[in-house]
Every structure is written in structure tokens, then in C-alpha cells.
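The residues making up each chain are set out below.
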Amino acid sequence: MQSAGDITADDVTNAFVMFTERMLRKAKDPRHPKTCQFIDLSDVSITSGFRVESLKKIYSVFEPNYPETLYKMVMYPVSTMLGTTARTLLSFVNEKTQSKFLITNSLDQVCSELGWNKDEVDECGGITDFMAKHEEQSTLMVFND
């Protein structure tokens, strides 16, 4: 496994593209596929590897290649510095695209936006454990070819 210092913006972007392509293949309506992506930023900071360069690279690939496939992207928890940086970058994109992003440090807002049961998230011990619990189900539903 690579350390955060060894992971490049291209690596992050390639992972997003592969994940998105897998999700789109499973879309109910392949002519109008939609994705909702949750980015768990627990224990991630600008200095630990998630840099502005990564956000710029992801956007530069997604805007021309997947302009209408993203329904919502949720980034949580977001430090004040990363949130400010991400919102600054988003200020340069169109309003429709901006509205697809939720950049927050509020678990209540995440649960409301994604339709998650906050009590279940709390019972699991937080987002990371909640995601791990549901990862097995997601893998069975989304990633098997």
C-alpha cells in the first residue's frame, strides 16, 4: 500500500474515474446515468496528501467527460482550510455544478443529504465504521461484473 506522500493527483483521479465507470455500468438508465459520491475525509488534511492539485485534476477530468452524470458529491469531514480551498475552486465553475457539491463538517447535513440514518451512523461509531459496515453490501451490489 502506498503512503499518502506517494499518491499523486493522477492516482486519485484515476481511482475516481475507475469507480465512476463501474458505477455508471450499473446505472438503471444507461442513457442518463447519475452518480452520488461520498468522500470520507476523516484523518485527511492538506498536508496528509489531499491537495488542491488533486481537486483541480479531478475537476479537469470530470467536467468534460462526465458533465451530467454527477448527481451529488459529498465531502466530509472537511477542515476549515480544505473547505475554504474547495469552495474557492468551485467558485470558478458554473452554478449548476456548484450545487452538486456538499462540502461540510456537519454529520447532520451529510445524513440529511444522503438519506442516511444518523442514529445508525452513531451506533456504528462514526462515518468510517458506518461505511465499512455497508462496504460489503455495496461491493456486492455495485462492483461485481
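Residues numbered from 1 in each chain as written. Predicted model: local features only at pLDDT ≥ 70, side-chain atom pairs only at ≥ 80, totals over all residues. Heavy atoms only, no water.

So, the overall build of the protein chain
Put simply, the rule is: Helix numbers and strand numbers start at the N terminus; a helix is a DSSP run of H or I with at least 4 residues, a strand a run of E with at least 2. It only takes one pair of heavy atoms within 4.5 Å for two residues to be counted as in contact. What sets the accessible areas is the Shrake-Rupley method with a 1.4 Å probe; for residues, cover comes only from the shown protein chains.
Counting its regular elements, the protein chain contains seven helices and three strands. Ordered by position from the N terminus, the helices and strands of the protein chain form the series α-β-α-β-α-α-β-α-α-α. Put simply, of all contacts in the protein chain between residues at least 6 apart along the chain, 72% involve residues at least 24 apart. Surface summary for the protein chain: the accessible area is close to 9200 Å², and the carbon and sulfur share equals 52%.

Examining the pattern of salt bridges
Charged atoms that come close allow side chains of opposite charge to pair. Here is the rule we go by: Definition used for salt bridges: Asp or Glu carboxyl oxygen within 4 Å of a side-chain nitrogen of Lys or Arg. Under the scheme applied here, a residue whose accessible area is under 20% of the maximum for its type counts as buried, over 50% as exposed, and between as partly exposed, the area being computed with a 1.4 Å probe on protein chains only.
One pass over the structure, following the stated rule, counts six salt bridges. Ionic pairing is found between Lys 57 and Asp 10, a salt bridge with its closest N-O pair at 3.2 Å. Linking Lys 57 in helix α2 (residues 52-65) with Asp 10 in helix α1 (residues 9-25), this pair joins segments that are 47 residues apart in sequence. By relative accessible area, which is 40% here, Asp 10 ends up partly exposed. Lys 133 is the partner of Glu 120 in a salt bridge, and the nearest nitrogen-oxygen pair spans 3.1 Å. Of this pair, Glu 120 sits in helix α6 (residues 118-124) while Lys 133 sits in helix α7 (residues 127-143), and the two are 13 residues apart along the sequence. Looking at Lys 133, the relative accessible area reads 47%, which means it is partly exposed. Each of Asp 108, Lys 118 and Asp 122 takes part in salt bridges that share partners, so that together they form one network.

Details of the nonpolar core
Worth spelling out the cut-off: In this description, a nonpolar core means a group of buried Ala, Val, Leu, Ile, Met, Phe, Trp, Tyr and Cys residues linked to one another through side-chain atoms lying within 4.5 Å.
In this structure, Phe 16, Ile 39, Leu 41, Met 75, Val 78 and Ile 103 are the most contacted members of the largest nonpolar core, which totals 18 residues. Of all the elements in the fold, those that place two or more residues in this core are α1, α2, β2 (70-76) and α3 (80-90). In contact with Phe 16, not counting residues within four places along its chain, are Gln 37, Ile 39, Ile 58, Phe 62 and Met 73. Residues Tyr 76, Leu 107, Val 110 and Cys 111 belong to the second largest nonpolar core, which totals eleven residues.

A word on the confidence of the model for the protein chain
To keep it simple, the criterion reads: pLDDT expresses, on a scale from 0 to 100, how confident the predictor is about each individual residue.
Chain-level pLDDT for the protein chain is 79 on average; 83% of the residues reach the 70-or-more range. Ranking the elements of the protein chain by mean pLDDT puts α7 last with 67 and α6 first with 95. Predicted confidence is poor over residues 139-145, with pLDDT under 50, and the contacts of this stretch with residues over four places away or in other chains come to ten contacts.

What about the sheet that holds strand β1 (residues 35-40)?
Operational definition: Whether two strands pair depends on DSSP finding at least two bridges between them. In this description, a line fitted to the C-alpha atoms serves as the axis of each element, helices being fitted only across the stretch in contact, and the angle between N-to-C directions of two axes falls anywhere from 0 to 180 degrees.
As summarised here, the arrangement of the three strands in space is β1-β2-β3, forming an open sheet in which the pairing is parallel. The sheet is open, and its two edges are formed by β1 and β3 (101-103), each paired on a single side. Pairs of neighbouring strands in the sheet enclose a mean axial angle of 10°, with direction left out of account. Of the pairings in the sheet, the one linking β2 to β3 comprises three bridges and is parallel in character. Considered in β3, the bridge of Met 75 is made with Ile 103. With respect to the sheet, α1 is in contact with β1 and β2, its orientation differing from that of β1 by roughly 145°.

As for the side chain of Thr 13
Inspection of the secondary structure assignment puts Thr 13 in helix α1. Relative accessible area serves as the criterion here: at 2%, Thr 13 is assigned to the buried category.

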